[in-house]
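# Report on the structure
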Amino acid sequence: MLSVFMNMAKIRSKSSNANFFQEVYDVVRLIPQGRVTTYGAIAKFLGTKLSARMVGWALNCSHTQVDIPAHRVVNRKGMLTGKHFFATPTQMQELLEAEGIKVINDQIQDFEKYFWNPSQELM
DNA sequence: CCCCTGACGACGC
DNA sequence: AGCGTCGCCAGGG
């Protein structure tokens with residue numbers, strides 16, 4: 001948690017490529033239950049140098065780590081493009097629905113309502 | 001070292 | 001409103 005602020009300072013000076021996984025994980029861990037955010041929002045929060053692609057890539061490497069709620073990260077349209085990388089193809093949707101988020105055809109319903117913007121919420 | 005490949009996103013047509 | 005292109009940047013072949 002607090003490391004996010006450390007990260008912000010770090011990034012402001014110079015972001016470390018070696019630790020940017022950790023920076024992504026820290027932000028993802030802060031996503032409240034029942035809320036979702038996007039790859040791009042995380043990338044922007046961490047400084048735009050990290051393109052949204054890199055955020056997805058970092059999450060990919062984290063699929064072993066259990067304490068990362070990666071299911072709360074979707075693309076900018078609210079689609080579950082990463083569901084393929086979970087244990088089962090339906091797990092991501094099941095996790096979201098267990099938190100009260102409705103998903104139809106890999107698309108989160110009322111996405112704007114659940115969207116959590118780190119740049120805005122964390123300051 | 002060059003080329004390809006992405007859990008993405010902005011833009012143009 | 002959809003689809004194609006291109007920029008993004010780290011790894012792998």
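For the structure itself, consult the block above.
Attention here is on the structure that accompanies the text. None of the values given here were measured: they were computed from a predicted structure.

Cut-off values and rules
Residues numbered from 1 in each chain as written. Chains lettered and ligands numbered in written order. Predicted model: local features only at pLDDT ≥ 70, side-chain atom pairs only at ≥ 80, totals over all residues. Helix = DSSP H or I, 4+ residues; strand = E, 2+ residues; numbered from the N terminus. Buried ≥ 20, exposed ≤ 12 C-beta atoms within 10 Å, placed from the backbone. Core = buried A, V, L, I, M, F, W, Y, C linked by C-beta atoms within 7 Å. Near = placed C-beta within 6 Å. Nonpolar A, V, L, I, M, F, W, Y, C, P; charged D, E, K, R; others polar. Arc of directions from axis to C-beta. Contact = placed C-beta atoms within 7 Å.

### A short note on the overall build of chain A
- Each helix and strand in chain A was counted, giving seven helices and four strands.
- Walking chain A from its N terminus toward its C terminus, one meets helices and strands in the order α-α-β-α-α-β-α-β-β-α-α.
- Out of the 123 residues belonging to chain A, those deemed buried represent 29%.

### Digging into the nonpolar core
- In terms of nonpolar packing, the biggest core is built from 27 residues, with Val 24, Val 28, Ile 42, Leu 46, Val 55 and Val 73 touching the most fellow members.
- Where this core is concerned, the elements lending two or more residues are helix H2 (20–29), helix H3 (39–45), helix H4 (52–61), strand E2 (73–74) and helix H5 (91–98).

### A closer look at the environment of Gln 65
- Inspection of the secondary structure puts Gln 65 in the loop between H4 and E2.
- A count of 12 C-beta atoms within 10 Å places Gln 65 in the exposed class.
- Taking C-alpha positions, Gln 65 is 28 Å from Glu 112, a pair spaced 47 residues apart along the chain.

### Quick look at unusual backbone geometry
- Phi is positive for Asn 105, close to 55°, though the residue is something other than glycine.
- Tracing the backbone shows Asn 105 in the loop between strand E3 (103–104) and strand E4 (107–108).
- In this structure, Asp 106 is a non-glycine residue whose phi angle is positive, near 65°.
- Taking the C-beta count within 10 Å as the criterion, Asp 106 has 14 such neighbours and is therefore assigned partly exposed.

### What to know about the protein's contact with DNA strand B
- Taken together, 18 residues form the shell around DNA strand B, and within it Gly 40, Gly 56, Asn 75, Arg 76 and Gly 82 come nearest.
- When contributions to the surface near DNA strand B are tallied by element, the ones reaching two or more residues are H3 and H4.
- Looking at the surface near DNA strand B element by element, the count peaks at six residues for H4.
- Here the residues of the surface near DNA strand B are counted per class, giving seven nonpolar, nine polar and two charged.

### Here's the deal with H5
- Those residues of H5 that sit buried are Met 92, Gln 93 and Leu 96. Projected down its long axis, H5 shows its buried positions confined to an angular sector of 95°, all on one face.
- In this structure, the buried residues of H5 make contact with E3.
- Gly 100 occupies a position one or two residues after H5 and carries a positive phi of about 90°.

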